[in-house]
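# Secondary and tertiary structure notes
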Amino acid sequence: MPSAIAASALPAPGEPAADARPPLIRRLAVVSVTMGVFAIVTVEILPIGLLPAIGHDFRVTDGTAGLMMTMPGLLAALSAPVVTMATARVDRRTMLAAFMLLLAAASALAAAAPAYWLVLVSRVAVGVTIGGFWSIAAGLAERLVPRESAGRAKAVIFSAVPLGSVLGVPLGTFVGDVAGWRTAFAAMGVLAVAVWVAMLVLLPPLPPAEAVHPTVLRGLLRRSGTRLALLMTFLVVLAHFGAYTYVAPFLDEVTQAGPGLVTLFLLVYGAAGVVGNFVGGALAARRPRAAFAGAAGLIALATLLLPLIGRRAGGAVALLVVWGVAYGAVPVCSQTWFAVAAPGAPEAASVLFTASFQATLSLGALAGGAVVDRASAAAVMVCGGLVAAAAVLLAWGAGRAGGPAPTVAGGRRSR
């Protein structure tokens, strides 16, 4: 381990290893972080279900409306290292609460925006929130609960990612159908304020436990395990968001599902994602590469078959279940791989995870928009499937070549 990384892992003087308050308060603190992640994920991907309505309102194409997905990812990738390093000496509770207020302001701006460019400005603020919040929250479990409970706490926090799909996006889409897409964003602003209050009440003081410097990040990038995790994350997330950003237009145009049925399909997809999160987390705890490759293979299968089987509602919903289970495992597999590659530097590992994930999310939405505008929603599914298949081949090839296979065995990380 490079000395810079080892130094960064040292706790702040006098800082306790974990929250020493009563167990109920500790659990509620974890729930408040989970709700923060849920609010952020929901606001980030909410446009997926509202894309046709927003595009129609501002008279822009589906590809142009897809910029609402591109902007947050791009800004999150930039803000993850910049904001984390710039606020290295600021209490992490203060930063988490500040990001929640920024999310509330961004949601209010989107709800009131008279022009599409103002919606994009609000998405910039969402991106800054994602990058900063995730970089802190992804590695926070160990500081909120005893060490023996950290694994369960991390699973709870990461469950907010598929819950954003199973509850947030379908509910937001339903609200958008009934009361307009602006109302959906306004409701998310109210939720962000509620989470802000909960964090101020429930989270303990969280002085920075490590200083994330450029030298620390460069040290991590020199590791072959980290580089492979970056490439796998790039391919799988590119495949997923290149296709999933335009799943509502696909269901509308190819499956010919009405707005109510699209909402139901997204609900089923999200429920499958919750299952995938916990199953993938259990598998990734021991074999991150195998779990990640398996998720990529299922995404490839679902997206490649959608243009064929997804023309009927039954086929579409069956493949969305497969897709949901697969993608539900992706964030926890990716973050676990990065954490295994960077023992002792959880916030630095979270920065790399967040930056790579969000940058690729942005590129995926942008690439998918180009395909859907020039070809069709069915074509973007095929492209996504081919990229996911490439990730499977990468994992298989790395294994055949004797590349690093990160594992976690007996509670100790190895590489």
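Rules of the game
- Residues numbered from 1 in each chain as written.
- Predicted model: local features only at pLDDT ≥ 70, side-chain atom pairs only at ≥ 80, totals over all residues.
- Heavy atoms only, no water.
- Helix = DSSP H or I, 4+ residues; strand = E, 2+ residues; numbered from the N terminus.
- Buried < 20%, exposed > 50% of the residue type's maximum accessible area, 1.4 Å probe, protein only.
- Contact = heavy atoms within 4.5 Å.
- Patch = residues over 30% accessible without salt bridge, like charges linked within 9 Å, V, L, I, M, F, W, Y side chains within 5 Å.
- Areas by Shrake-Rupley, 256 points an atom, 1.4 Å probe, with all protein chains shown as cover.
- Salt bridge = Lys/Arg side-chain N within 4 Å of Asp/Glu carboxyl O.
- Phe/Tyr/Trp six-rings, centres within 6.5 Å; stacked < 30°, edge-to-face > 60°.
- Axes fitted to C-alpha atoms, helices over the stretch in contact; angles between N-to-C directions.
- Parallel < 35°, antiparallel > 145°, perpendicular 65-115°, else oblique.
- Left-handed = near helix turned anticlockwise from the far one by under 90°.
- Nonpolar A, V, L, I, M, F, W, Y, C, P; charged D, E, K, R; others polar.
- Core = buried A, V, L, I, M, F, W, Y, C linked by side-chain atoms within 4.5 Å.
- Domains from an automatic or database assignment.
- pLDDT = per-residue confidence, 0-100.
- Expected span 1.5 Å × (residues − 1).
- Polar contact = N/O pair within 3.5 Å; in protein donor to acceptor, adjacent residues only side chain to side chain.

### A word on the overall build of the protein
Along the backbone of the protein there are 17 helices and 2 strands. For the protein, the residues scored as buried account for 57% of the 415 residues in total. When contacts within the protein are restricted to residue pairs at least 6 apart in sequence, those whose partners lie at least 24 apart make up 87%.

### With respect to a nonpolar patch on the surface
A surface patch of nonpolar side chains, amounting to about 310 Å² of accessible area, comprises Leu-24, Leu-28, Val-31 and Met-35. Position of Leu-24 among the secondary structure elements: in helix α2 (residues 23–58).

### Structural notes on the packing of aromatic side chains
Within this structure, the stated rule accounts for 7 aromatic pairs. Note on Phe-241 and Tyr-327: the rings are 5.7 Å apart at their centroids and 90° apart in plane angle, and the pair reads as edge-to-face. Here Phe-241, found in helix α11 (residues 224–244), pairs with Tyr-327, found in helix α15 (residues 313–341); they are 86 residues apart in sequence, far enough to count as distant. Since its relative accessible area comes to 4%, Phe-241 is described here as buried. For Tyr-327, a relative accessible area of 8% translates into the label buried. Here the aromatic rings of Tyr-269 and Trp-323 are separated by 6.3 Å at their centres, their planes lie at 85°, and the arrangement is edge-to-face. Taken together, the residues span a long stretch of sequence, with Tyr-269 in helix α13 (residues 259–284) and Trp-323 in helix α15 at a distance of 54 residues. Following the ring pairs from residue to residue traces out a cluster consisting of Phe-58, Tyr-116, Trp-181 and Phe-185.

### A few points about the packing of helix α4 (residues 67–86) against helix α6 (residues 116–137)
Contact pair α4 / α6: the axes reach a minimum separation of 6 Å and the direction vectors enclose 40°. With respect to α6, the element α4 is oriented oblique. Helix-helix and strand crossings are classified by hand; for α4 and α6 the assignment is right-handed. Here Leu-67, Met-68, Met-69, Met-71, Pro-72, Leu-75, Ala-76, Ser-79, Ala-80, Val-83 and Thr-84 of α4 come into contact with α6, specifically with Tyr-116, Val-119, Leu-120, Arg-123, Val-124, Val-126, Gly-127, Val-128, Ile-130, Gly-131, Gly-132 and Ser-135. Taken together, the residues of the contact of α4 with α6 sort by class into 16 nonpolar, 6 polar and 1 charged.

### Some words on the nonpolar core
By size, the foremost hydrophobic cluster in this structure holds 120 residues, and its most contacted members are Val-37, Phe-133, Leu-144, Val-247, Trp-323 and Val-330. Shared between two domains, this core takes at least three residues from each, and those domains are domain 1 (21–211) and domain 2 (213–401).

### Quick word on the confidence of the model for the protein
Summarising the model, the protein shows a mean pLDDT of 79, and 85% of its residues fall at 70 or more. When pLDDT is averaged over each element of the protein, helix α9 (residues 181–202) comes out on top at 93 and helix α1 (residues 3–8) at the bottom at 30. Confidence drops under pLDDT 50 across residues 1–17; counting only partners more than four residues distant or on other chains, this segment forms 31 contacts. Note that residues 409–415 has pLDDT below 50 and, in this model, 18 contacts with residues that lie over four places away or in other chains.

### Focus on unusual backbone geometry
Most of the time, phi is negative for any residue but glycine, and the peptide bond is trans. One non-glycine residue, Arg-59, lies in the positive phi region at around 55°. Mapped onto the elements, Arg-59 comes out in the loop between α2 and α3 (62–65). Notably, Gln-256 is not glycine yet its phi reads approximately 60°, a positive angle. We classify Gln-256 as exposed; its relative accessible area is 68%.

### Concerning α13
In this model, α13 (26 residues) spans 36 Å end to end at C-alpha, consistent with the 38 Å of a helix rising 1.5 Å per residue. Every buried residue of α13 is listed here: Val-262, Thr-263, Phe-265, Leu-266, Tyr-269, Gly-270, Ala-272, Gly-273, Gly-276, Asn-277, Gly-280 and Ala-284.

### Quick look at the side chain of Thr-255
For Thr-255, the location among the structural elements is in the loop between α12 (247–253) and α13. Aside from chain neighbours lying at most four places away, what touches Thr-255 is Phe-250, Phe-265, Gly-310, Arg-311, Arg-312, Ala-313 and Ala-316.

### Looking at the packing of α2 against α9
Each pair of packed helices can be described by the angle between their axes along with the distance between the axes. In contact at an axis separation of 9 Å, α2 and α9 are set at 165° when each is read in the N-to-C sense. Classified by the angle their axes make, α2 and α9 are roughly antiparallel. As α2 packs across α9, the resulting crossing turns out to be left-handed. Considered class by class, the residues forming the contact of α2 with α9 number 23 nonpolar, 3 polar and 2 charged.

### A closer look at the environment of Thr-255
According to the relative accessible area criterion, Thr-255 is buried, its value standing at 9%. Among the polar contacts listed, one links the side chain of Thr-255 to the backbone oxygen of Gly-310, at a separation of 2.7 Å.

### Here's the deal with α6
The terminal C-alpha atoms of α6, which comprises 22 residues, lie 31 Å apart, in line with the 32 Å expected from a rise of 1.5 Å per residue. Of all 22 residues making up α6, 18 are buried, and the element is well covered by its neighbours.

### Some words on the side chain of Ser-334
Note that Ser-334 resides in helix α15. Of the polar contacts made by the side chain of Ser-334, one reaches the side chain of Thr-233; its length is 2.8 Å. Excluding its chain neighbours within four sequence positions, the residues that come into contact with Ser-334 are Thr-233, Phe-292 and Phe-353.

### Regarding the environment of Met-35
Position of Met-35 relative to the elements: it lies in helix α2. C-alpha separation for the pair Met-35 and Ala-192, spaced 157 residues apart in sequence, amounts to 8.8 Å. Beyond its immediate sequence surroundings of up to four residues, Met-35 is in contact with Leu-191 and Val-195.

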